[in-house]
Amino acid sequence: MPPSPPLPGDTIAAIATAVAAGAGSVAIVRLSGPQAEAIGRRLFVAPGAQAWESHRVLYGHVVDPADGQRVDEALLLPMRAPRSFTREDVVEFHCHGGLVAVRRVLELVLAAGARLAGPGEFSQRAFLNGRLDLTRAEAIAEMIAARSQRAAELAMAGLDGGLQRRIGGLRERLLDQLAELEARVDFEEDLPPLDGTLVRAELEAVRGELERLVAESRQGELLREGLRVAIVGRPNVGKSSLLNLLSRRERAIVTDLPGTTRDLLESDLVLDGVPLTLLDTAGIRATDDRVERLGIERSRQALAGADAVLLLFDRVAGWSAADEELRELVPEGVPLLLVGNKSDALPPGAAATGVPPDGPLVTISALTGAGRDDLVAALLGLCGAGDVQGLQVALNGRQRQLAAAAATSLERSLETAALGLPWDFWTIDLRGAIAGLGAITGEEVSEAVLERIFSRFCIGK
Ligand SMILES: Nc1nc2c(ncn2[C@@H]2O[C@H](COP(=O)(O)OP(=O)(O)OP(=O)(O)O)[C@@H](O)[C@H]2O)c(=O)[nH]1
Ligand SMILES: [Mg+2]
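How each quantity is defined
Note on numbering: residues in each chain are counted from 1, in written sequence order. The naming scheme follows written order: chains are lettered A onward, ligands numbered 1 onward. It should be noted that, the model being predicted, local features are given only for residues of pLDDT at least 70 and side-chain atom pairs only at 80 or more, the latter also being counted only at that level, while totals for whole chains, interfaces and linings use all residues. Side-chain descriptors were evaluated using all non-hydrogen atoms of the structure, hydrogens and water having been removed beforehand. Whether a residue is buried, partly exposed or exposed follows from its accessible area with a 1.4 Å probe, protein chains only, as a fraction of its type maximum: under 20%, in between, or over 50%, in that order. Each helix is a run of DSSP H or I of at least 4 residues and each strand a run of E of at least 2, with the numbering of both proceeding from the N terminus. Strand pairing is assigned whenever DSSP detects at least two bridges linking the two strands. Note on donors: an N, O or S atom is included if it sits within 2.8 Å of the metal, or within 3.2 Å for Na, K and Ca, and water is never included, so sites can look incomplete. The criterion used for residue contact is that any of the two residues' heavy atoms lie within 4.5 Å. To get an axis, a line is fitted to the C-alpha atoms, and for a helix only the part in contact is used. The angle between two axes follows their N-to-C directions and goes from 0 to 180 degrees. Segmentation of the chain into domains, including their bounds, is taken from an automatic or database domain assignment. For the purposes of this section, nonpolar cores are sets of buried Ala, Val, Leu, Ile, Met, Phe, Trp, Tyr and Cys residues that join through side-chain atoms within 4.5 Å. The near set for a molecule or strand comprises every residue that places at least one heavy atom within 4 Å of it. In protein, a polar contact requires one atom able to donate a hydrogen and another able to accept it; more generally it is a pair of N or O atoms within 3.5 Å, and residues adjacent in sequence count only if both atoms are side-chain atoms. For every accessible area listed, the method is Shrake-Rupley and the probe measures 1.4 Å; residues are considered covered only by the protein chains on display. Note on residue categories: nonpolar means Ala, Val, Leu, Ile, Met, Phe, Trp, Tyr, Cys or Pro, charged means Asp, Glu, Lys or Arg, and polar means any other residue, Gly included. Each patch is built from residues lacking any salt bridge and having more than 30% relative accessible area; the joining distance is 9 Å for like charges and 5 Å for nonpolar side chains (Val, Leu, Ile, Met, Phe, Trp, Tyr). Every case where a carboxyl oxygen of Asp or Glu lies within 4 Å of a side-chain nitrogen of Lys or Arg is listed as a salt bridge. Note on ring pairs: Phe, Tyr and Trp rings are taken, using the six-membered ring of Trp, and paired if centres are within 6.5 Å. Classes follow the plane angle, with under 30 degrees stacked, over 60 edge-to-face and the rest tilted. Whether a charge lies above a ring is judged from NZ of Lys or CZ of Arg, which has to be within 6 Å of the ring centre and within 35 degrees of the ring normal.

A short note on the pairing of strand 6 (residues 90-96)
Alright, step 1. Here strand 6 lies mainly inside the structure; five of its seven residues are buried.
Alright, step 2. Where strand 2 (residues 26-32) meets strand 6, seven bridges bridge the pair, whose relative direction is antiparallel. Bridging across to strand 6, S32 finds its partner in V90.

In structure tokens form, the structure reads like this:
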């Protein structure tokens, strides 16, 4: 059962735009609830004969009712229920950006009777008032968090209801089967006989679809969360040069002196639509230099926390025992790509020697950029992020767990069916699967789960 809509009488308010000094020219204070318009009228003075109509912008000033002092020159946008994001009365003050004026406006709004909104409370109200299903509400948070265009496109597909239709469609198909089965439990004699093989085929088909969605969700997760990729290797092999090549700017200092990089350096970038944080590390070697030793310690820590590792070696000097030792530092199970650098300096005919005996290998030149695309493709392929382009919808972690559990329930239902047990035994796990899919779209979800989901949103959304 969906939880009950919010209590009437409560009007919430928050700054809806980014709260950072100098971050934008406009800042918005948003109110939602039955008092929104009354509060707006108390604080906003619109000169002339401007009408307070829904969805019509007013120009004027925010004024402190205590002393009549003008706080900001602003626009005000009233949106009356139900034609608003929350389906409640909404009023937005579009103030000047920066921090001071907008905070003052928020204070006045709160003093006038609104309550500061919790994280995601506007979206939660939109959901509870039936404006959005849960997949669309979650897509809002994903849109805000998107770090690449592909991630934003996937969030947009979620906002458009792509995921709700996929999951809702599967749930409908299961509900149809449940109805057939339950009818036979109660009125077997009055109905035409049910063909169990057809029911099983349908359950099997839905289970297959769910498993596909679960498998694809790994890609979506990469798009949402991005990858942490550490570049490691011995001093002077070209790690900082590779960071600069991939981030297309002179991010790191490059010199011909071994031991140039002393500290971890991070660079956020997007490769083929996948957001990544690339870590340039201090070259690992035995040294008496205290600063360099500390840097090397950080390199080891970066290795431990990485989703993938690029182990760079000098292709001209060839793969060595020292490189092999470094390879052993890479934790088990972390995707590892061996990258032979400085291919431009390789004498002709030397291609076959000096390479590692095994493991995925690419050869590049961080100096000329040769082999860059092969490196990117190999890295993303190793991380299972090879075809994010083909992705239509993607489940988030919560949705994936529910979909996987629903698939398992269907499997159990199919086992029951295979044993030839009576219809009502089939329905037990089928109901579980239906409930799980309902929890994804929000048809069957508890208050506590909702709280958890919306508390991860930012305030003002
Ligand atoms: N010919 C050639 N030289 C390169 C290439 N990549 C890097 N170098 C040179 O190798 C030297 C070391 O490059 P860096 O990028 O500083 O190497 P690093 O691995 O970051 O070195 P440390 O920070 O000392 O561990 C510099 O002189 C670079 O110009 C390459 O692809 N070809
Ligand atoms: Mg370096």
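What to know about the coordination of the magnesium ion (ligand 2)
Alright, step 1. Ligation of the magnesium ion (ligand 2) by protein atoms is provided by S240 (OG) and T261 (OG1), these donors lying 2.0 to 2.1 Å from the ion. Of the two residues, S240 sits in helix 8 (residues 239-247) while T261 sits in the loop between helix 8 and strand 9 (265-271), which places them 21 residues apart along the sequence. The exposure classification of S240 matches that of T261, with both residues buried.

Describing the environment of A439
Alright, step 1. Position of A439 among the secondary structure elements: in helix 13 (residues 423-441).
Alright, step 2. Of the residues examined, A439 reaches a relative accessible area of 11% and is grouped as buried.
Alright, step 3. For the pair A439 and A403, spaced 36 residues apart in sequence, the C-alpha to C-alpha distance is 9.5 Å.
Alright, step 4. Beyond its immediate stretch of four places on either side in the chain, A439 contacts L134, R398, L402, E444 and V445.

Structural notes on the sheet that holds strand 13 (residues 361-363)
Alright, step 1. A sheet is described by the order of its strands in space; here six strands give the open sequence 9-10-8-11-12-13, paired in mixed fashion. This sheet does not close on itself; its edge strands, each paired only once, are strand 9 and strand 13. When the angles between neighbouring strand axes are averaged without regard to direction, this sheet yields 25°.
Alright, step 2. The strands that helix 8 touches are strand 8 (227-233), strand 9, strand 10 (274-280) and strand 11 (308-314); relative to strand 9, the one it contacts most, it runs at about 40°.
Alright, step 3. Against the sheet, helix 10 (residues 321-329) contacts strand 8, strand 11 and strand 12 (336-341), and its axis sits at roughly 175° relative to strand 11.

Comments concerning the domain arrangement of the protein chain
Alright, step 1. What the domain assignment lists for the protein chain is domain 1 (12-132), domain 2 (154-222 + 393-442) and domain 3 (238-270 + 280-306 + 308-381).
Alright, step 2. A C-alpha centroid distance of 47 Å is found between domain 2 and domain 3.

So, the nonpolar core
Alright, step 1. L242, L310 and L375 are the most contacted members of the largest nonpolar core, which has 34 residues in total.
Alright, step 2. When residues of this core are assigned to their parent elements, the largest contribution, four residues, is made by helix 11 (residues 372-382).
Alright, step 3. Of the domains in this structure, domain 2 (154-222 + 393-442) and domain 3 (238-270 + 280-306 + 308-381) are the two that each give at least three residues to this core.
Alright, step 4. With residues up to four places along the chain from it excluded, the contact list for L242 reads I231, L310, L312, I364, A366 and L375.
Alright, step 5. In this structure, V199, A403, A406 and L410 belong to the second largest nonpolar core, which totals 27 residues.

A short note on the site of ligand 1
Alright, step 1. Taken together, the neighbourhood of ligand 1 is formed by 22 residues, with K239, S241, G259, T260 and D344 sitting nearest.
Alright, step 2. At a separation of 3.3 Å, an oxygen atom of ligand 1 approaches a polar backbone atom of V237.
Alright, step 3. Separating an oxygen atom of ligand 1 from a backbone N or O atom of L367 is a distance of 3.1 Å.
Alright, step 4. Within the complex, the protein chains bury 89% of what would otherwise be the 660 Å² of accessible surface of ligand 1.
Alright, step 5. For the shell around ligand 1, the element with the most residues is helix 8, which contributes three residues.
Alright, step 6. Taken together, the residues of the shell around ligand 1 sort by class into seven nonpolar, 11 polar and four charged.

Some points on a nonpolar patch on the surface
Alright, step 1. A cluster of nonpolar residues, L419, L421, F425 and I428, forms a patch on the protein surface that exposes about 390 Å² of accessible area.
Alright, step 2. One can find I428 in helix 13.
Alright, step 3. The exposure class assigned to I428 is exposed, which follows from its relative accessible area of 52%.

With respect to the packing of aromatic side chains
Alright, step 1. Under the definition given, this model contains five aromatic pairs.
Alright, step 2. Ring centres of W423 and W426 lie 4.9 Å apart, and the angle between their planes is 70°; this geometry places the pair in the edge-to-face category. Taken as a pair, W423 and W426 lie in helix 13 at a separation of three residues, close to a single helical turn. W426 shares its class with W423; the two are buried.
Alright, step 3. Aromatic ring contacts, followed pair by pair, group F127, F454 and F457 into a single cluster.
Alright, step 4. Geometry around F122 places R30 over its ring, the cationic atom sitting 5.2 Å from the centre.
Alright, step 5. The cationic tip of K461 hangs over the ring face of F85; the distance from NZ or CZ to the ring centre is 5.1 Å.

Focus: the sheet that holds strand 4 (residues 58-63)
Alright, step 1. Read from one edge of the open sheet, seven strands run 3-4-5-6-2-1-7, paired in mixed fashion. Bordering the open sheet on either side are strand 3 (44-45) and strand 7 (115-116), each of which pairs with just one other strand.
Alright, step 2. Where strand 4 lies against strand 5 (residues 70-79), six bridges are found, and the strand directions are antiparallel. Residue L58 lies in a different strand from strand 5, and its bridge partner there is L76.
Alright, step 3. Contacts from helix 2 (residues 100-111) reach strand 1 (12-15), strand 2, strand 4, strand 5, strand 6 and strand 7 within the one sheet, and its direction differs from that of strand 1 by about 175°.

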